[in-house]
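Each chain is listed here by its residues.
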Amino acid sequence: MRYPILISIILFTLFSGCKKDKFATTPSLKFKSVNTTTLQTGQQIQFVLSFTDAEGDLTNKVFVQEIVPNCTLSSFQDTYQVPPFPTSKNQKGDITVTFGYNSSSVGLANISPKCQRNDTAVFRFALTDAAMHTSDTVSSPPIILVY
């Protein structure tokens, strides 16, 4: 062979470039965006989270925790029901979690301040699949709920 180094570089490039996206058995969750960081009464807040899952066996619930250090009455943790979506192997997509602040929309959880002053809250999210693998917990930026 006349060009062993050149052939090695070409083969390395071909094999490293042909990798498909690798999804882990444990779901992956990333915080993508939030529509506002200051929430007034009557408004809604929407958090967009992106996820991946190798088996496509995510449950239709997202664990949500609101942490309000200066007003523990406002803090909560619960699961948020996600509308059903088609599942498949090596699944990826976005989940939108919506809350209302004294909003007139039916079915939205109310996250109004409970201590007669503005709340500064951080929201944390996690996903679990059918095999009970839980994603890393992701956090929102600080959100101000105006009293």
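Computed from a predicted structure; not experimentally measured. (Residues numbered from 1 in each chain as written. Predicted model: local features only at pLDDT ≥ 70, side-chain atom pairs only at ≥ 80, totals over all residues. Heavy atoms only, no water.)

Visitor: What am I meant to see in the layout of surface pockets here?
Guide: Over the atoms rolls a probe the size of a water molecule, and in doing so it shows where empty space is left. In this model, the largest pocket occupies a volume close to 170 Å³. What lines the largest pocket is a set of 17 residues, among which Phe76, Asp78, Tyr80, Phe99 and Ala109 lie closest to the centre. Contributions of two or more residues to the lining of the largest pocket are made by β4 (58-67), β5 (76-81) and β6 (91-100). Top contributing element to the lining of the largest pocket by residue count: β5, with five residues. Grouping the amino acids of the lining of the largest pocket by side-chain chemistry returns seven nonpolar, seven polar and three charged. (1 Å grid on protein atoms, 1.4 Å probe; cavity = no way out; pocket = protein on both sides within 12 Å on 5 of 7 lines; lining within 4 Å. Points joined across faces, edges and corners; volume = space filled by probe spheres on them. Helix = DSSP H or I, 4+ residues; strand = E, 2+ residues; numbered from the N terminus. Nonpolar A, V, L, I, M, F, W, Y, C, P; charged D, E, K, R; others polar.)

Visitor: Explanation requested: the side chain of Thr52 in the structure shown.
Guide: Along the polypeptide, Thr52 turns up in strand β3 (residues 44-53). Setting aside chain neighbours within four positions, we find Thr52 in contact with Phe23, Pro27, Ser28, Gln91 and Lys92. (Contact = heavy atoms within 4.5 Å.)

Visitor: Whenever I open this one, the confidence of the model for the chain confuses me. Can you help?
Guide: Where the model shows low pLDDT, its predicted coordinates should not be examined in detail. Mean pLDDT over the chain stands at 82; residues scoring 70 or higher make up 83%. Mean pLDDT across the secondary structure elements of the chain bottoms out at helix α1 (residues 4-17), with 55, and peaks at strand β8 (residues 138-139), with 95. (pLDDT = per-residue confidence, 0-100.)

Visitor: What is the right way to look at the state of the cysteines in this model?
Guide: Linking two cysteines covalently through their sulfur atoms gives a disulfide. Summed over all chains, the structure comprises one disulfide. Note that Cys71 is cross-linked by a disulfide to Cys115, the S-S spacing being 1.9 Å. Classification of the bridge connecting Cys71 and Cys115 rests on its S-S torsion, roughly 80 degrees, and on that basis the disulfide is right-handed. Taken as a pair, Cys71 in the loop between β4 and β5 and Cys115 in the loop between β6 and β7 (119-129) lie far apart in primary sequence, 44 residues in all. The exposure classification of Cys71 matches that of Cys115, with both residues buried. (Disulfide = S-S within 2.5 Å. Buried < 20%, exposed > 50% of the residue type's maximum accessible area, 1.4 Å probe, protein only.)

Visitor: Looking at this structure, I do not really get the side chain of Gln65. What am I missing?
Guide: With respect to the secondary-structure elements, Gln65 resides in strand β4. Exposure remark for Gln65: the relative accessible area of 18% places this residue in the buried category. At 3.4 Å, the side chain of Gln65 forms a polar contact with the side chain of Gln77. Sequence-distant contacts of Gln65, that is, excluding residues within four places in its chain, are made with Phe76, Gln77, Val122, Phe123 and Arg124. (Polar contact = N/O pair within 3.5 Å; in protein donor to acceptor, adjacent residues only side chain to side chain.)

Visitor: How should the sheet that holds strand β1 (residues 28-34) be read in this particular structure?
Guide: For sheets, the rule is that strands pair by backbone hydrogen bonds, running either parallel or antiparallel. Strand order in the open sheet formed by three strands is β1-β3-β6, and the pairing between neighbours is antiparallel. With one partner strand each, in any of the chains shown, β1 and β6 form the two edges of the open sheet. Within the sheet, the average angular offset between the axes of one strand and its neighbour, ignoring direction, is 25 degrees. Across six bridges, β1 lies against β3 in antiparallel orientation. Note on β3: the bridge partner recorded for Ser28 is Thr52. (Pairing = 2+ DSSP bridges. Axes fitted to C-alpha atoms, helices over the stretch in contact; angles between N-to-C directions.)

Visitor: Would you mind showing me how to read the pairing of β4 here?
Guide: Residues in a regular strand point their side chains to alternate faces of the sheet. The sheet contact formed by β4 and β7 spans seven bridges and is antiparallel. Pairing of Ile67 across the sheet is with Val122, part of β7. Both β4 and β5 contribute to a ladder of six bridges, which runs antiparallel. Among the inter-strand pairings, Val62 is bridged to a residue of β5, identified as Tyr80.

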